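Observations on the three-dimensional arrangement
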Amino acid sequence: MAKVTLSVIKADIGGFPGHHSVHPELIKIAEAEMAKAKKSGLLRDYCVTSCGDDLQLIMTHYHGEENKQIHKLAWDTFVKGTELAKKLKLYGAGQDLLADAFSGNVKGMGPGVAEMVIDERKSEPVVIFMADKTSAGAWNYALYKMFADPFNTIGLVIDESMQGGFEFVVHDVMEHKKVSLHTPEESYELLALIGAPGRYVVSTVNRRSDGIPAAVSSTQKLSLIAGRYVGKDDPVLIVRAQSGLPALGEVLEPFSFPFIVEGWMRGSHHGPLMPCSQKTALPARFDGPPRVICYGFQLADGKLEGPMDLFDDPSFDLCRQKANEAADYLRRHGPFEPHRLGLDEMEYTTLPAVLKKLENRFKKI
Ligand code: F6R
Ligand code: MG
Ligand code: MG
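Residues numbered from 1 in each chain as written. Chains lettered and ligands numbered in written order. Predicted model: local features only at pLDDT ≥ 70, side-chain atom pairs only at ≥ 80, totals over all residues. Heavy atoms only, no water.

1. Digging into the coordination of the magnesium ion (ligand 2)
Every protein donor of the magnesium ion (ligand 2) is listed here as Asp 12 (OD), His 19 (ND1) and Asp 53 (OD), and their distances to the metal cover 1.9 to 2.2 Å. One chain supplies every donor for the magnesium ion (ligand 2), spaced along it as D-x6-H-x33-D. What makes Asp 12 buried here is its relative accessible area of 2%. (Donors = N, O, S within 2.8 Å, 3.2 Å for Na, K, Ca; no water. Buried < 20%, exposed > 50% of the residue type's maximum accessible area, 1.4 Å probe, protein only.)

Written out as structure tokens, the structure reads:
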């Protein structure tokens, strides 16, 4: 059986209203484009959804990563959606399409991309995490917990097949470099880097015993591509589960704590990441707080059996309540740090223009 490729490509092509959600007509357009591509044989299967104002294309096919036809399909779907978004005067229509024309690969053109080539196991559970109002490094905490922390993943301790540990590939998004670190023995070095998620982003996690990919995230930073603030990067993450990888529940467990991420209002704040069902992933309060949804599938010869909406579960209620409490606490800081991001992170927002206005008024002390 040929290896199947799972491609998750997403973009914000217009919000409804403001930066709140994806208009149902845009979902219909994406569904129609995906259905055509499935009928033509380009795609094996697909699932279209949204998280907040981001349109999500989950696709399976046999053409490998960074395939021109698949990326073009996603790009053309976003362009078609943008045409309607403009007609409906949706907010920020086409905002994540940073280029005028497709150049062979959507990476670097605005959309977020995570792709994994999978040699399907006897049974292949995969989960797709999708977040809104946050940024690429948001998965760092969760990936460390899943694959390196025995207090989260008991399998690391009691399942012999996981004891070989995992390889974390970390991108330095400022210097455009990457480094590979091995857990458990290099977990301190790993944390030294990924504890700074604005700069160091876990891109992939592989099982060391056989090298199979276990997780892949989108690492695109829109502001770094465009050189200015163009909305947050709203990342996606693919994780495989079970049989010598973290169990489904171990994959979900890190999200039972509403850890603090960058994003929220104007991409300029720290706020708790709230796990929620797809239907409730509708950031409203102060354009947030940041949301994460999780779709679970069983892959069956490339077919996506699912989705199951895995955060649509009362056992995450307490976390959601804590997220609301943390959100409330942080909001009381108003424009003050640490609710507002530090100055280095604010460099890519609208703040520098404000500071520039004051430049000539500063006098030597
Ligand atoms: C966050 C986000 C929104 C906007 C905010 C202001 O990722 O996109 O919070 O930054 O609504 O938008 P403008 O400046 O377009 O009015
Ligand atoms: Mg938006
Ligand atoms: Mg968004």
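2. A word on helix α3 (residues 139–148)
Structural remark: α-helix, 3.6 residues per turn; residues separated by three or four positions point the same way. For α3, the buried fraction is high: eight of the 10 residues fall into the buried class. Turning to α3, its buried residues number three or more, namely Trp 139, Asn 140, Ala 142, Leu 143, Tyr 144, Met 146, Phe 147 and Ala 148. (Helix = DSSP H or I, 4+ residues; strand = E, 2+ residues; numbered from the N terminus.)

3. Quick word on the pattern of salt bridges
Counted according to the given criterion, the structure contains 21 salt bridges. A salt bridge links Arg 320 to Asp 317; the shortest N-O distance between them is 2.9 Å. You can see Arg 320 and its partner Asp 317 sitting in helix α8 (residues 317–331), three residues apart, about one turn around the helix. When its relative accessible area of 16% is taken as the criterion, Arg 320 is described as buried. We classify Asp 317 as partly exposed; its relative accessible area is 41%. Look at the salt bridges and you will find they share partners, linking Glu 33, Lys 36 and Lys 80 into a network. (Salt bridge = Lys/Arg side-chain N within 4 Å of Asp/Glu carboxyl O.)

4. What about the coordination of the magnesium ion (ligand 3)?
Distances from the magnesium ion (ligand 3) to its protein donors, namely Asp 53 (OD), Asp 54 (OD), Asp 132 (OD) and Asp 234 (OD), fall within the range 2.0 to 2.2 Å. Counting along the primary sequence, the residues that act as donors to the magnesium ion (ligand 3) give the motif D-D-x77-D-x101-D. A spacing of 4.5 Å is found between the magnesium ion (ligand 3) and the magnesium ion (ligand 2), which share Asp 53 as a donor. Remark: Asp 234 occurs in the loop between α6 (222–226) and β10 (236–240) and Asp 54 occurs in strand β3 (residues 54–61); sequence separation between them is 180 residues.

5. Concerning the nonpolar core
If you look at the biggest cluster of nonpolar residues, it comprises 40 residues, and the most contacted ones within it are Phe 129, Leu 143, Met 146, Phe 147, Phe 168 and Phe 255. Each residue touching Phe 168, except ones within four places of it in the same chain, is listed here: Leu 143, Tyr 144, Phe 147, Ala 148, Val 179, Ser 180, Leu 181, Thr 183, Leu 190, Val 202, Thr 204 and Val 205. By size, the runner-up hydrophobic cluster in this structure holds 30 residues, among which are Leu 26, Leu 73, Leu 90 and Leu 97. (Core = buried A, V, L, I, M, F, W, Y, C linked by side-chain atoms within 4.5 Å. Contact = heavy atoms within 4.5 Å.)

6. Brief notes about the packing of helix α1 (residues 24–39) against helix α2 (residues 68–87)
Two numbers describe how α1 lies on α2: the axes approach to 9 Å, and their chain directions differ by 150 degrees. Viewed along their axes, α1 and α2 adopt a mutual orientation that is roughly antiparallel. Handedness of the crossing formed by α1 with α2: right-handed. Here Glu 25, Leu 26, Ile 29, Ala 30, Glu 33, Met 34, Lys 36 and Ala 37 of α1 come into contact with α2, specifically with Leu 73, Thr 77, Lys 80, Gly 81, Leu 84 and Ala 85. Taken together, the residues of the contact of α1 with α2 break down into eight nonpolar, two polar and four charged. (Axes fitted to C-alpha atoms, helices over the stretch in contact; angles between N-to-C directions. Parallel < 35°, antiparallel > 145°, perpendicular 65-115°, else oblique. Left-handed = near helix turned anticlockwise from the far one by under 90°. Nonpolar A, V, L, I, M, F, W, Y, C, P; charged D, E, K, R; others polar.)

7. So, the packing of aromatic side chains
For the structure on display, the rule yields 13 aromatic pairs. Taking 6.4 Å as the distance between ring centres and 35 degrees as the angle between the ring planes, the aromatic pair formed by Trp 75 and Phe 102 counts as tilted. With Trp 75 in helix α2 and Phe 102 in the loop between α2 and β4 (112–118), the pair connects residues that are 27 residues apart, well separated along the chain. Pairing Phe 147 with Phe 166 gives two aromatic rings, centres 4.9 Å apart and planes at 65 degrees, and the pair type is edge-to-face. With Phe 147 in helix α3 and Phe 166 in strand β6 (residues 166–172), this pair connects stretches of sequence that are 19 residues apart. With a relative accessible area of 0%, Phe 166 lands in the buried category. (Phe/Tyr/Trp six-rings, centres within 6.5 Å; stacked < 30°, edge-to-face > 60°.)

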